[in-house]
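# Architecture at a glance
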Protein chains: 2
Amino acid sequence: MQDASARTRLLDAAARLFYVDGVNVGVEALCREAGVSKKSMYELFRSKEELLAASLARSVPGYLAALLPPDADAMPGQNRVLEVFERLENVVADPNFRGCPYVSTAIELKAPEHPARAIARQFHDTLTAFFCTAAADAGVKNPEELARQLTLVHDGITARAVVHGHPTPGLGLATAGALLAQALNG
Amino acid sequence: MQDASARTRLLDAAARLFYVDGVNVGVEALCREAGVSKKSMYELFRSKEELLAASLARSVPGYLAALLPPDADAMPGQNRVLEVFERLENVVADPNFRGCPYVSTAIELKAPEHPARAIARQFHDTLTAFFCTAAADAGVKNPEELARQLTLVHDGITARAVVHGHPTPGLGLATAGALLAQALNG
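The structure contained in this document is the topic of the report that follows. (Residues numbered from 1 in each chain as written. Chains lettered and ligands numbered in written order. Predicted model: local features only at pLDDT ≥ 70, side-chain atom pairs only at ≥ 80, totals over all residues. Heavy atoms only, no water.)

Attention now moves to the interface of chain A and chain B. Facing 38 residues of chain A, the contacting portion of chain B comprises 38 residues. Of the roughly 3600 Å² buried between chain A and chain B on both sides combined, carbon and sulfur atoms contribute 66%. By the criterion of area lost to chain B, the three top residues of chain A are Lys110, Leu152 and Val163 of chain A, representing 21% of everything that side buries. Remark: the boundary between chain A and chain B carries two salt bridges. In this structure, the salt-bridge partner of Glu108 of chain B is Lys110 of chain A, at a minimum N-O distance of 2.9 Å. On inspection of chain A and its partner chain B, the count reaches six residue pairs in polar contact (both at pLDDT 80 or more). Put simply, the parts of the chain that give the side of chain A that touches chain B at least two residues each are α1 (6–21), α6 (101–108), α7 (115–138), α8 (143–164) and α9 (171–185) of chain A. Top element by residues in the side of chain A that touches chain B is α8 of chain A. It accounts for 13 residues. (Contact = heavy atoms within 4.5 Å. Buried area = accessible area lost by both parts, 1.4 Å probe. Salt bridge = Lys/Arg side-chain N within 4 Å of Asp/Glu carboxyl O. Polar contact = N/O pair within 3.5 Å; in protein donor to acceptor, adjacent residues only side chain to side chain. Helix = DSSP H or I, 4+ residues; strand = E, 2+ residues; numbered from the N terminus.)

Okay, the packing of aromatic side chains next. All names here are of chain B. Applying the stated criterion across every chain, the model contains 10 aromatic pairs over all chains. Measuring from ring centre to ring centre gives 5.6 Å for Phe85 and Phe131, while their planes differ by 5°; the resulting arrangement is stacked. Note that Phe85 is positioned in helix α5 (residues 77–93) and Phe131 in helix α7 (residues 115–137), a separation of 46 residues in sequence. Residue class for Phe131 comes out buried when judged on its relative accessible area of 0%. (Phe/Tyr/Trp six-rings, centres within 6.5 Å; stacked < 30°, edge-to-face > 60°. Buried < 20%, exposed > 50% of the residue type's maximum accessible area, 1.4 Å probe, protein only.)

Between α8 of chain A and helix α6 (residues 101–108) of chain B, the least distance of the axes is 9 Å, while the angle of their chain directions is 70°. By the angle class used here, α8 of chain A and α6 of chain B are roughly perpendicular. Residues Ala159, Val162 and Val163 of chain A of α8 of chain A form the contact with α6 of chain B, whose own contacting residues are Val103, Ala106 and Ile107 of chain B. Among the residues forming the contact of α8 of chain A with α6 of chain B, the class breakdown is six nonpolar, no polar and no charged. (Axes fitted to C-alpha atoms, helices over the stretch in contact; angles between N-to-C directions. Parallel < 35°, antiparallel > 145°, perpendicular 65-115°, else oblique. Nonpolar A, V, L, I, M, F, W, Y, C, P; charged D, E, K, R; others polar.)

In total, this model carries zero disulfides over all chains according to the counting rule given. With no disulfide of its own, Cys100 of chain A has Cys100 of chain B as its nearest cysteine by sulfur position, at a separation of 17 Å. In this structure Cys132 of chain B is not part of a disulfide, and its nearest cysteine sulfur, from Cys100 of chain B, lies 19 Å away. Residue class for Cys132 of chain B comes out buried when judged on its relative accessible area of 17%. (Disulfide = S-S within 2.5 Å.)

Quick look at the structure:
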């Protein structure tokens, strides 16, 4: 870890601790985990809130890479939608899965103006935009509406995995498939 | 409040503080809010965890009463399903809404064996059973599967309202309607 900058170590520690222990992790624990003094932390981030938002923002591309097919442009729109829910099944089956990091953080943060909430909204909007393009390519009449429905299925599947402590195989795929079929043929 | 027992006051305080501030509220704050000594609290509840589970369990009937139509038996199965999502729109539109209390608590609790998690599972199972009966009455071929999908929509709508800080009118009803139509005619 000696070659990682204090900033990187703080972002790594924040990503780990906030996800595993929740948003109430203290500054002391974060600095200890990162091997960084509190003084250095406050030189790099104005507040714990800003560190949380920055660590979440940094993790979005990785979470999306796990969820979205890498060769999306080459796939028909329908397959592109369904593949997300096949991949989501692997994401929630990870024994370390504790919920969608962005939705969970929004739920844990009780302060509506917390800077990390904006990351959750951006994550939602990015996922919805992916579904919207795929739905439009599939020939769906109202791709925006289907896209919001599919994002809802993502959130529901991640919540369910947490509530039950295990995934429900096939549920996300079946739900997304039904919504897609209804949007195309209903 | 003088006529309420210490147990009731603790359950009321727990319901308020855990919902508004999160599961990390301390025993001191709970006892202060309830006007009960820590000694009395530990005579009534073995732990903060048990108090949280008891306060959640007590609130389930009230949450379900807001969500489920009171005259369900007199309604056709389809209307019974859709009415839940009309009612859910009012639930999430409350300015004090901070997420489904049971799903949120399961997400906030990082310990899988926490007693309050069982309440979230029971809530899910009760809601799914309601949908299952309604779906069977509506003539759906696989009512269990549709019921799990509809519970997923409930969770997704509550999560979305938290992430965006406001409800998305019509989304739950449209999603549930599409799933119902696909289950009946697809």
